[in-house]
Amino acid sequence: MVLRRDATYIKFCCAKDVFVGVSSVAFLKKRRYTVYTHFKETPMDTLSLHALLNLTPGQGPVALCGSGGKTSLCYALAREALAAGSRTAVTTTTHMFRPDKSWQALWQGTKAEEILAILESGRLPVCGRLEGGKFTFGGQAQWQTLVSTVPCLYVEADGSRRLPLKFPNDTEPVLLPEIRHIFVVAGLSGLYRPAEQVCHRWALARERLPKLPENIDEAAVAELLWAGYGSYHPQFILNQADTPALRQAGEHIAALLQERGAEAVYILSLKEMGLHYV
């Protein structure tokens, strides 16, 4: 059972248990926000990834932005929806690695009957256009076919060069009008390391945010996420909470984000949940 006291809350998930942060409610400048207070253990098999993220499959395209696990999260959500019998697909508005798993099926077409045939085979359609070994956006005709045919559509809407942290430029993320849910992912493995080694577009981040430290700390992660993505009103996911120390650091970052106005922050470890696909 998931315990909630407000529409905004923090959840923590790792290994075989999900640790659900039960929130207390406070007021700051007449804005309601929540802070972490304590844990309650819930067996993982009673809580799906969609439930963990307070996400109902089929309620419009879901965009995954940021870094540090967004591709793994995209595929994890899609496989869960597909296993539940929903018509499901993965696509990108930027680019992603070419699908190479047996349960994936590359699709570059525009006809609804083609994608339905893939779904009938039990495989997950990964949709777009091949370009230089990567998958890129398949164009408006393909996008409109997906939106009208596939209720559970998961969209990688950002690039990060496989680094744990990211600061977007003025053209990122690429969010099409039909997208209904936005999640921004960050990898906690970037903490306490030289920023230029772990943050995509670090030079741009320092230009825009000159007070950022050279070594990434909790406050720097919160500032990168909020300054880069806060205007989109996303839900934030702090991934790679693979140790107690990183989970504790995630709690601090979550509190900083919520002080800035974030409405939902989730701390989890896709690796420990067995959901790391790339």
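As the structure is a prediction and not an experimental result, all values here were calculated from the model.

1. Things to note about the environment of Phe183
Step number 1: Along the polypeptide, Phe183 turns up in strand E14 (residues 181-187).
Step number 2: Here the alpha-carbon distance between Phe183 and Tyr266, two residues 83 residues apart in the chain, equals 10.0 Å.
Step number 3: With sequence-adjacent residues up to four places away left out, Phe183 is seen in contact with Leu53, Leu55, Val62, Ala63, Leu64, Cys65, Gln235, Ile237 and Tyr266.

2. Description of the sheet that holds strand E10 (residues 129-131)
Pairing between the strands of a sheet comes from backbone hydrogen bonds, and it takes one of two forms, parallel or antiparallel.
Step number 1: The 3 strands lie next to each other as E7-E11-E10, forming an open sheet whose pairing is antiparallel. Each edge of the open sheet is held by one strand with a lone partner, namely strand E7 (95-97) and E10. Neighbour to neighbour, the strand axes of the sheet diverge by 40° on average, direction disregarded.
Step number 2: Two elements, E7 and strand E11 (residues 134-136), share 3 bridges in a ladder whose sense is antiparallel. When the sheet's bridge partners are listed, His95 is paired in E11 with Thr136.

3. Concerning the pairing of strand E8 (residues 104-107)
Step number 1: Bridging between E8 and strand E9 (residues 124-127) involves 4 bridges; their strand directions are parallel. Counterpart to Gln104 in the pairing with E9 is Leu124.
Step number 2: Considered for its hand, the β-α-β crossover made up of E8, helix H3 (residues 112-120) and E9 is right-handed.

4. What about the packing of H3 against helix H4 (residues 140-149)?
How two helices sit against one another is set out by the angle between their axes and by the gap between those axes.
Step number 1: Closest axis-to-axis distance for the H3/H4 pair is 10 Å, and the angle between their directions is 55°. The angle between H3 and H4 falls in the class oblique. The hand of the H3/H4 crossing is right-handed. Where H3 abuts H4, its residues Ala112, Ile115 and Leu116 lie against Thr145, Leu146 and Thr149.
Step number 2: Classifying every residue of the contact of H3 with H4 gives 4 nonpolar, 2 polar and no charged.

Definitions and cut-offs
Residues numbered from 1 in each chain as written. Predicted model: local features only at pLDDT ≥ 70, side-chain atom pairs only at ≥ 80, totals over all residues. Heavy atoms only, no water. Helix = DSSP H or I, 4+ residues; strand = E, 2+ residues; numbered from the N terminus. Contact = heavy atoms within 4.5 Å. Pairing = 2+ DSSP bridges. Axes fitted to C-alpha atoms, helices over the stretch in contact; angles between N-to-C directions. Right-handed = clockwise from strand over helix to strand, strands pointing away. Parallel < 35°, antiparallel > 145°, perpendicular 65-115°, else oblique. Left-handed = near helix turned anticlockwise from the far one by under 90°. Nonpolar A, V, L, I, M, F, W, Y, C, P; charged D, E, K, R; others polar.

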